[in-house]
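Geometric and topological summary
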Amino acid sequence: THRGWTYESLSAARQTLISPAVKLSYKKPLWIVRGERQFLYDHNGVEYLDAYNNVCHLGHCHPAVVQAVSKQMAILNTNTRYLHTAIVEYASRITATCPPELSVCIFVNSGSEANELALRLAYAYTRQKDLIVLDSAYHGNTNAVVEMSPYKTDHPDGPRAPSHVHKVVAPDDYRGLYRRDKYAPAELGPLYAKHVEETVRKIEHEGRKVAAFFCEGILGCAGQIVLPPGYLASCYKAVRQSGGVCVADEVQVGFGRAGTHMWVFQTQDVVPDIVTLGKPIGNGFPIGAVITRPEIARALGRLEYFNTFGGNPVACKAGLAVLDAIAAEGFMENARVVGNHLLSSLRALARKHPVIGDVRGMGLFLGVELVLDRHTLEPATALTSRVIDAIQQNDKILLGTDGPFNNVVKIKPPLCFTVADADKVIAAFDSALKQETQNATILAKL
Ligand code: PMP
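This one's a predicted model, so the numbers in the text were calculated from it and none came from an experiment. (Residues numbered from 1 in each chain as written. Predicted model: local features only at pLDDT ≥ 70, side-chain atom pairs only at ≥ 80, totals over all residues.)

Things to note about the site of the ligand
Taken together, 15 residues lie around the ligand, and Ser 110, Gly 111, Ser 112, Val 251 and Gln 252 are the ones closest in. Per-element tally for the shell around the ligand: the top contributor is helix H4 (residues 111-126), with three residues. Across the shell around the ligand, the residue classes tally to two nonpolar, ten polar and three charged. (Near = placed C-beta within 6 Å. Helix = DSSP H or I, 4+ residues; strand = E, 2+ residues; numbered from the N terminus. Nonpolar A, V, L, I, M, F, W, Y, C, P; charged D, E, K, R; others polar.)

Dropping the structure here:
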């Protein structure tokens, strides 16, 4: 049934043929052969509840996207050097979801390419070089954006961050410099934004100005951190006073996942200069997009931006099908309802399990931070990975971890996730924490 492959032969072949840099998840990696809605199926037909894949936004193999892609693939797939309705219709629909200033698109194939192009636009428009990014941020895999991703440059085997990349502290109100137990929510945004203001001043003191500030709507790789109110407004103001452009990286969190708005920057009441999109944009079909102001789009001058696959008719049809489904099937509302249910259930669970230090997020983009001690916040890193593996093996639910200490469980399922699915996650968490904390040393006296 699997063309002669066994789990063992496939694992061995993968190990020799695929670079070790391309990693598998879980202690015992899964062989997944099929996906449907919020479920994945392994080679033995075992069903897994996918609480982790935010790329298949509407659910795995959503029929409308499958149909749109297959149909267009059989008619035409070319580059963008011919007039075609799909690219124009998609541009019209996606810009309609953005503030009116953001009216021009360039389509690419991934979030990395989108940020790479945003960087190019920022350099061309400002003629400056200095960049401001947040601690633990990840913006993609090309050389230029890896170098502005502290998530990678702070890794012992990562590339060194060049001197024009300036890292500021992440506005983490749980374990960061300013915490919610000491400051009111309204104070936290401006306090954290001061670090961006100071960095701008430092760059100017050295005789230069800012090219760009990149920031996600909710910080994914930094551990599912929700920006405090007013944070982006203050940061954007400081960056713009220095002539820099503000880039909203919505690659991970966009398309209604946060539950209340299509784009998370909208929850911060700002209008970015450039928005970058990827991951969920094609429900698994590769597309990425840069949406910007016309004057910034013009900064490339007469130089052509050519991208063989970017904006091809099949990709644009996938994108259109995703936007149609978001509008027709109530996914954003579902993200809000199921997300809030998860948040309150996880908070209830935290009252029972002292190892849960924090529960945070918006919509269906949530984080559960595990700590050995609620006062010192010592990260429960090893425990977190054991919990994830236990839930995968015992309950057949897929989750992942992240954050600077890898002690944050990430919950970011397809948006068709139900309240009943959420309850399964809660029950699985409860039993995995019971099982895994039995042997772990909990230092806190709570
Ligand atoms: N930006 C953010 C915030 C991301 O999370 C990612 C991927 N994890 C990227 C950019 C890069 O996207 P891709 O891997 O699709 O190139």
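The rest of the description comes next.
So, the environment of Gly 220
Within the secondary structure layout, Gly 220 lies in the loop between strand S8 (218-219) and strand S9 (225-226). With 84 residues separating them along the chain, Gly 220 and Ser 136 place their C-alpha atoms 8.9 Å apart. Once residues within four sequence positions are removed from consideration, Gly 220 is found in contact with Gln 252, Val 253 and Asp 402. (Contact = placed C-beta atoms within 7 Å.)

Some thoughts on unusual backbone geometry
Phi angles above zero are rare outside glycine, and Arg 127 is one such case at about 55°. Among the residues examined, Arg 127 registers 11 C-beta atoms within 10 Å and is labelled exposed. Backbone geometry places Leu 377, a non-glycine residue, at a positive phi of 60°. With respect to the helices and strands, Leu 377 occurs in the loop between strand S14 (365-370) and helix H12 (381-395). You can call Leu 377 partly exposed: it has 18 C-beta atoms within 10 Å. (Buried ≥ 20, exposed ≤ 12 C-beta atoms within 10 Å, placed from the backbone.)

A short note on the pairing of strand S17 (residues 408-411)
The alternating pattern of S17 places Val 408 and Lys 410 on one face and Val 409 and Ile 411 on the opposite face, and all of these are buried. With four bridges connecting them, S14 and S17 associate as antiparallel partners. By the bridge assignment, Val 368 is partnered in S17 with Val 409. Direction of pairing for strand S16 (residues 400-402) relative to S17: antiparallel, over a ladder of three bridges. (Pairing = 2+ DSSP bridges.)

Comments concerning helix H11 (residues 331-352)
End to end, H11 covers 31 Å across 22 residues, agreeing with the expected 32 Å (1.5 Å per residue, within 8%). Buried within H11 are the following residues: Phe 331, Met 332, Ala 335, Val 338, Gly 339, Leu 342 and Leu 346. Along the long axis of H11, the arc covered by the buried residues comes to 130°, so they all point the same way. Within H11, the exposed residues directed more than 90 degrees away from the buried face are Ser 344, Ala 348 and Arg 351. (Expected span 1.5 Å × (residues − 1). Arc of directions from axis to C-beta.)

Notes on the domain arrangement of the protein chain
Splitting the protein chain by domain gives domain 1 (7-61 + 330-437) and domain 2 (63-329). Averaged C-alpha coordinates put domain 1 and domain 2 at centres separated by 25 Å. Taken together, the contact pairs 29 residues of domain 1 with 27 residues of domain 2. Contributions of two or more residues to the side of domain 1 that touches domain 2 are made by H11, strand S13 (356-362), S14 and S17. With five residues, the single largest contributor to the side of domain 1 that touches domain 2 is H11. Tallied by class, the residues present in the side of domain 1 that touches domain 2 amount to 15 nonpolar, eight polar and six charged. (Domains from an automatic or database assignment.)

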